[in-house]
Amino acid sequence: MNAGSGSSGGISVKRSSWSCKKRVRDGVRSNFTPAKKKLSNLPEKHCSPAETNPEEKCCSDDEDLFDGYDSIIGDSSFLAKLEDVEQKAEEDQNVCFDPHPVKNSDKQCCGDELTDSIFTEDFPDASLRDFPSSQLEFQQDVLNPERQDSSLRMGLSTESTSTPDVKHCKPVSAPAESVNNKKPGPRARRSMTDQLKRAMLENAAASSRISKTALQKEAVMSEEISVAMQTIESACKDGDLGPFFGLPSKVKDLIMRLKGIQDLYDWQKVCLDLDSVKQRKNLIYSLPTSGGKTLVAEILIFKELLCRRKDALLILPYVALVQEKVRGLASFGIELDFMVEEYAGSKGRFPPVKRRSSNSLYITTIEKGHSLVNSLIEANRLDNIGLVVVDELHMLGDGSRGAILEMTLAKVLYINKSTQIIGMSATLGNIGDLQSFLRAENYTNDFRPVELKEYVKLRDSIYEVKPKEEECFRFSRLLAFKYSSGMQKMDPDHIIALVTEVIPKQSCLIFCATKKNCENVAGMICKYLHTDFLMHREGEKATLLAELRNSGNGSLCPVLQRTVPFGLAYHHSGLTSDERKLVEEAYSSGVLCLLACTSTLAAGINLPARRVILRSPYVGIDFLKRSQYKQMVGRAGRAGIDSVGESILILQDRDKDMVRKLVSAPMEKCYSNLLHDGSKGLLSLTLSLIGLNVTQSEEQVVDFMSRTLLSVQETQTCQQKSLKELTVESIEILKQKGLIEASSGAAGGASLQVTRIGRATYKGSVDLSYCDVLYRDLSKGLEGLLLNSFLHLVYLVTPYDLVSQCKPDWMIYYTQFSKLSPAEQKMAATLGVPESFVARKAAGQSVRKNVDNLVVNRLYLALVLYSLLRETDLWSVSDRFQMTRGFVQTLLSSSSAFCSCVLHFTEELEEFWAYKALLSELTRRLTYCVQAELIPLMEVSGVMELRAKQLYSAGYKTLAHLANADPNVLVKKVENLFKKQANQIVASAKMLLQEKAEALQEEFDDLLMLPIDLPAE
Ligand SMILES: Nc1ncnc2c1ncn2[C@@H]1O[C@H](COP(=O)(O)OP(=O)(O)OP(=O)(O)O)[C@@H](O)[C@H]1O
Ligand SMILES: [Mg+2]
């Protein structure tokens, strides 16, 4: 329930946006935290970067490597800031009233039968199915403002507040008018600045009597709101707001229209009807891959947003998954009146904007989810989150990311007992442990919509996997193939024979151990494919190639150039995200019939196949884990398309026994990672608990830790020391590092607080091993910051932990170094990398001089980023530095994320005030390293550079153009854009526009708030 409006069962609450109310400044942080501890306390020596497996890192470039807080405080003056807000609001206003971008809107509006009521039973005819009714309503509202007031919102909040709903596009009128005059305000509204001045004059002139009246009004309103809340709560408790698992039947219709799902699977119905679900107990449910777990979670999210009027948090493991989900759920948000907010990469505000008129679904990566929860704790708003859903709950066992997930969940459990937690997974070996940690019920089912048959191939025979039988493998058939001797040599594992049994009519995924192997396998197969393959969907493949070429600004990967005409491609982190997206889309639509990919695709986007082949039982040089195997084979069998899915693991004699274990062993257990990598998780959890005031003494920290997964698994994971000892030890380490300090508390015991650096570290989500070196680098930077180029700043935000993944090519280093300006070279020398050093290295001479390799390698990466910022051409930069374009892109996205971390780090330390404006701009530039005009389009979830270029040249130049676009026109104007994608782009743009407009309105309302403690006469 929002604070500003609400109604249920006839109760309607309306309030003026500028009524006298308590000034709440949640989340507003000072940039000038007083110093508490001298910097000299910091140890000078820094830890070396975490040892990482380069292969693994490169494969995980979809992940958020860093995250951070976004400041909400501008540095402009009060009125200047207001002017800014006003201008932005004006722009959005103009957006709403621009009738031009959408053609034929009249005609379409007439065709739409849907109303805002969620109780509608009408279903649009097939021709309209792809067309979100909200699009039509949106246009109708613009053209017919009278209709705005008649809209019933969800049967729950029938009156809107002063916050304009973009969907309804009311002109922003003066707050008083919005209460007294229900007609839409005049188009030429009063300037916000004027309103503010007027409001301030009125406030100043107002006697305390007015304040008291306003206070009374406030009290009455609060009362009404709480009655409305209770009514809604009891409506939920007593049953529901509708026939579809407590939801209105419109939700069911939308699931059918937007997802094509007609009916729920039996297990989904059973799960949603569980007593534990109805009683909002925490729940872990576990089903095989493709079992349909997502839908259950989504229905529970809708219930939380619509029935309980609380916000929900959905945590997903990868940026690409977050983007996909934001795109998929934006249409639901528009139809059902909730916000969908993306928290991935450098997107997302901390704390989130408070929304009065609607609830929010935050879709986040693991890292961003943690920062979001921290910011809500700090703003005392965590109880707004009614539900936390974690997809792929087994990620708890995944190194440092697992530790972050555990911290997030432990904090929610500790602080807000009424928040429900739901976790799902297909690969959990020790649900019991997780149940104890989350205090959750469990639901398990082995349903799979399409039967999965697992096979292994040994020499020329195929065996069915029968884990319960003694041998594990039962002979199934001999593989029929006629190979020439040359072919036998090239393809000793008979991959061509295996794939040609299914392609091109059906699809096939080949999981390979390394990236290079993916490219080789794809290339090798098409060498021997019949030329008939070239004719299959020839035109679409040509378009795909053209698009791939466009995405590379004219460059095209030679391997893809060779394989795509045959319907084959490779897919791994060496591709740019544009390339990956094009390949994925072409595969989904059947234009490509085979992908040779690394294990990233197993956990990433949902791309099932009729047949899945595992090229070998290895990932890199490691033998497959049971859970990895399950995730990979689980891609076989497309629901609604295949009657059966098959997986074939190619194995050699030497691997036979290991594979026998692999297919029959129970799923691996998922262990806490708080002690992973030198107890980094435990340390940073302790720091943030103290910083957020969740715990203020050693006893409280120990008590908190006793409720973690680590504590549940103490006997297995804490070998030498007890968890209590480890906790006490971590407090000591933090003290020694100068990140926390103790003072004597009220009851005589020591009270713990964070120091300035400690606060900056946890606020910036800076790795504890780098916080001191970061501080030192930034301080040194201030002594001679070079500002006539980006190089110095870029160097300061080049992520420390990527440095170990790159070895400079000294010739390239020297060439690039010599192109730097004299000032840049001087700056490099001051950092500790003189030209003479690079020159000697390039000449292959030995260097006696003692240099810091961390600095040298970091500067090399900074040169890559610097080139990218100047040219914005990924291909030419990766070519120049002889790096894969995927790695260069990872470097870019990691740097933009780290830049926002450094920004938040510096915001907490007044000596770094000068960095603030510089790093804000740099974050933006690194996030959207494209031509400036494409940035507004790329803000829309999942719109990447290529698509943004296409949209731009088709005339869709701003967010407003996209939000008002007609998907039918969009597909005609933009080449190779499917209707579903067009619908999603429009819905996401609409959602983003609405989000921005509401944020401005909230800011506007806040500015006009009468301070409750205004001195009276
Ligand atoms: N009731 C249903 N009827 C038809 N299709 C469904 C139904 N529920 C889900 N699906 C579809 O099944 C496919 C797999 O569902 P989903 O992605 O939820 O699987 P999952 O259980 O999360 O698997 P994984 O563990 O691989 O992530 C999706 O395409 C989804 O739209
Ligand atoms: Mg899933």
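Residues numbered from 1 in each chain as written. Chains lettered and ligands numbered in written order. Predicted model: local features only at pLDDT ≥ 70, side-chain atom pairs only at ≥ 80, totals over all residues. Heavy atoms only, no water.

## Quick notes on the overall build of the protein
So, point 1. Across its full length, the protein carries 47 helices and 21 strands.
So, point 2. Of all 1017 residues assigned to the protein, the portion counted as buried reaches 58%.
So, point 3. Within the protein, counting contacts between residues at least 6 apart in sequence, those at least 24 apart form 74% of the total.
So, point 4. Of the accessible surface of the protein, which amounts to about 40900 Å², a share of 51% is contributed by carbon and sulfur atoms. (Helix = DSSP H or I, 4+ residues; strand = E, 2+ residues; numbered from the N terminus. Buried < 20%, exposed > 50% of the residue type's maximum accessible area, 1.4 Å probe, protein only. Contact = heavy atoms within 4.5 Å. Areas by Shrake-Rupley, 256 points an atom, 1.4 Å probe, with all protein chains shown as cover.)

## Quick notes on unusual backbone geometry
So, point 1. For the bond from Phe350 to Pro351, the omega torsion is -10 degrees, close enough to zero to count as cis.
So, point 2. The residue after Ile503, namely Pro504, is reached through a cis peptide bond having omega 5 degrees.
So, point 3. Assignment of secondary structure puts Pro504 in the loop between helix 18 (495-500) and strand 13 (508-511).
So, point 4. In this structure, Arg439 takes a positive phi of about 50 degrees despite not being glycine.
So, point 5. Within the secondary structure, Arg439 is located in the loop between helix 16 (431-438) and strand 9 (441-444).

## With respect to the site of ligand 1
So, point 1. For ligand 1, the set of nearby residues contains 16 residues, the closest of which are Asp263, Gln268, Ser290, Lys293 and Thr294.
So, point 2. The backbone of Gly291 places a nitrogen or oxygen atom 3.1 Å from an oxygen atom of ligand 1.
So, point 3. Gly292 places a polar main-chain atom, nitrogen or oxygen, 3.0 Å from an oxygen atom of ligand 1.
So, point 4. Calculation on ligand 1 without its partners gives an accessible area of 630 Å², and the protein chains cover 78% of this total.
So, point 5. Here the shell around ligand 1 is built from residues that sort into five nonpolar, seven polar and four charged. (Near = heavy atom within 4 Å. Polar contact = N/O pair within 3.5 Å; in protein donor to acceptor, adjacent residues only side chain to side chain. Nonpolar A, V, L, I, M, F, W, Y, C, P; charged D, E, K, R; others polar.)

## Digging into the packing of aromatic side chains
So, point 1. Taken as a whole and judged by the stated rule, the model has 20 aromatic pairs.
So, point 2. Both rings, one in Tyr265 and one in Phe447, keep their centres 4.7 Å apart while their planes meet at 50 degrees; by these two values the pair is tilted. Of this pair, Tyr265 sits in the loop between helix 9 (249-259) and helix 10 (266-272) while Phe447 sits in the loop between strand 9 and strand 10 (451-458); the two residues are 182 residues apart in sequence, bridging distant segments of the chain.
So, point 3. Owing to a relative accessible area of 25%, Phe447 belongs among the partly exposed residues under this scheme.
So, point 4. When the centroid spacing of 5.8 Å and the interplanar angle of 90 degrees are considered together, the rings of Trp810 and Phe837 count as edge-to-face. A residue pair is termed long-range when its members are at least 10 positions apart, and Trp810 in helix 36 (residues 810-818) and Phe837 in helix 38 (residues 835-842) qualify at 27 residues. (Phe/Tyr/Trp six-rings, centres within 6.5 Å; stacked < 30°, edge-to-face > 60°.)

## Considerations on helix 44 (residues 945-953)
So, point 1. By the burial criterion, the buried members of helix 44 are Glu945, Leu946, Arg947, Ala948, Gln950 and Leu951.
So, point 2. Positive phi appears at Gly955, one or two residues downstream of helix 44, with a value of about 105 degrees.

## Details of the pattern of salt bridges
So, point 1. In this structure the tally under the stated criterion is 43 salt bridges.
So, point 2. When the shortest N-O distance is used, the salt bridge between Arg537 and Glu540 registers 2.9 Å.
So, point 3. For the salt bridge of Asp703 with Arg707, the shortest nitrogen-to-oxygen distance reads 3.1 Å.
So, point 4. Judged by relative accessible area, which is 31%, Arg707 ranks as partly exposed. (Salt bridge = Lys/Arg side-chain N within 4 Å of Asp/Glu carboxyl O.)

## Quick word on the sheet that holds strand 3 (residues 283-286)
So, point 1. Reading across from one edge, 5-6-4-7-8-3-9 is the order of the seven strands in this open sheet, with parallel pairing throughout. The open sheet has two free edges, formed respectively by strand 5 (338-343) and strand 9, since each of these has just one partner strand. The mean angle between the axes of side-by-side strands here comes to 15 degrees, regardless of whether they run parallel or antiparallel.
So, point 2. As judged from the four bridges shared by strand 3 and strand 9, these two strands associate in the parallel manner. Bridging from a neighbouring strand, Leu283 pairs with Glu441 of strand 9.
So, point 3. Sitting on the sheet, helix 13 (residues 319-336) is in contact with strand 4 (311-316), strand 5 and strand 6 (359-365), with an inclination near 165 degrees to strand 5. (Pairing = 2+ DSSP bridges. Axes fitted to C-alpha atoms, helices over the stretch in contact; angles between N-to-C directions.)

## Looking at the side chain of Thr598
So, point 1. Within the secondary structure, Thr598 is located in the loop between strand 15 (594-597) and helix 24 (600-603).
So, point 2. Those residues in contact with Thr598 that sit more than four places away from it in its chain are Phe511, Cys512, Thr514, Lys515, Cys518, His571 and His572.

## Describing the sheet that holds strand 12 (residues 473-478)
So, point 1. Read from one edge to the other, the open sheet built from eight strands follows the order 12-11-10-19-16-13-15-14, with strand pairing classed as mixed. In the strand order of this sheet, the two ends are held by strand 12 and strand 14 (568-571), each with one partner. In this sheet, neighbouring strand axes are inclined to one another by 25 degrees on average, regardless of whether the strands run parallel or antiparallel.
So, point 2. As paired strands, strand 11 (residues 461-465) and strand 12 are joined by five bridges and run antiparallel to one another. Pairing of Ser461 across the sheet is with Leu478, part of strand 12.
So, point 3. Each of strand 13, strand 14 and strand 15 is contacted by helix 23 (residues 577-588), which is oriented at about 135 degrees to strand 14, the strand it contacts most.

## Focus: the packing of helix 36 against helix 38
So, point 1. Where helix 36 contacts helix 38, the axes come no closer than 8 Å and their chain directions differ by 145 degrees. Considering how the two elements wind past one another, helix 36 and helix 38 form a crossing that is left-handed. In this structure, helix 36 uses Trp810, Met811, Tyr813, Tyr814, Phe817 and Ser818 to contact helix 38, whose residues at the interface are Glu835, Phe837, Val838, Ala839, Lys841 and Ala842. (Left-handed = near helix turned anticlockwise from the far one by under 90°.)

## Quick look at the pairing of strand 15
So, point 1. Judged by which residues are buried, strand 15 turns out to be covered on both faces: Leu594 and Ala596 on one side and Leu595 and Cys597 on the other are all buried.
So, point 2. Where strand 13 meets strand 15, four bridges bridge the pair, whose relative direction is parallel. By the bridge assignment, Phe511 is partnered in strand 15 with Cys597.
So, point 3. Pairing of strand 14 with strand 15 involves four bridges; the strand directions are parallel. Each residue of the ladder has a partner; that of Leu568, found in strand 15, is Leu594.
So, point 4. Assessed by its sense of winding, the connection that carries the chain from strand 14 through helix 23 to strand 15 is right-handed. (Right-handed = clockwise from strand over helix to strand, strands pointing away.)

## Digging into the packing of helix 9 against helix 13
So, point 1. One can describe the packing of helix 9 onto helix 13 by two numbers: an axis separation of 11 Å at closest approach and a directional angle of 150 degrees. When the axes of helix 9 and helix 13 are compared, the crossing they make is right-handed. Seen from helix 9, the contacting residues are Lys250, Val251, Leu254, Ile255, Arg257, Leu258 and Lys259; seen from helix 13, they are Ser331, Phe332, Glu335 and Leu336.
So, point 2. The residue inventory of the contact of helix 9 with helix 13, partitioned by class, reads six nonpolar, one polar and four charged.

## Focus: the environment of Glu304
So, point 1. Looking at where Glu304 falls in the secondary structure, it is placed in helix 12 (residues 293-306).
So, point 2. On the basis of relative accessible area, Glu304 is assigned to the buried category, the value being 3%.
So, point 3. Taking the C-alpha atoms as reference points, Glu304 and Asn359, separated by 55 residues in sequence, lie 9.3 Å from one another.
So, point 4. Excluding residues within four positions of it along the chain, Glu304 makes contact with Arg280, Arg309, Lys310, Asp311, Gly386, Leu387 and Gln420.

## Quick look at helix 21 (residues 538-551)
So, point 1. A rise of 1.5 Å per residue sets the reference length of helix 21, with its 14 residues, at 20 Å; its end C-alpha atoms lie 20 Å apart and thus fit the reference within 8%.
So, point 2. Along helix 21, the positions that sit buried rather than exposed are Lys541, Leu544, Leu545, Glu547, Leu548 and Ser551. Projected onto a plane normal to the axis of helix 21, the buried residues spread over an arc of 165 degrees and lie on a single side.
So, point 3. Where helix 21 terminates, the next one or two residues include Asn553, which has phi positive at roughly 50 degrees. (Expected span 1.5 Å × (residues − 1). Arc of directions from axis to C-beta.)

## Brief notes about the confidence of the model for the protein
Detailed reading of the predicted model is not advised wherever pLDDT is low.
So, point 1. Put simply, the protein has an average pLDDT of 78, and 76% of its residues get 70 or more.
So, point 2. Considering only residues more than four positions removed or in separate chains, one finds that residues 1-194, a stretch of pLDDT under 50, has 445 contacts.
So, point 3. This stretch, residues 199-214, has a pLDDT under 50; its non-local contacts, to residues over four places away or in other chains, come to ten contacts. (pLDDT = per-residue confidence, 0-100.)

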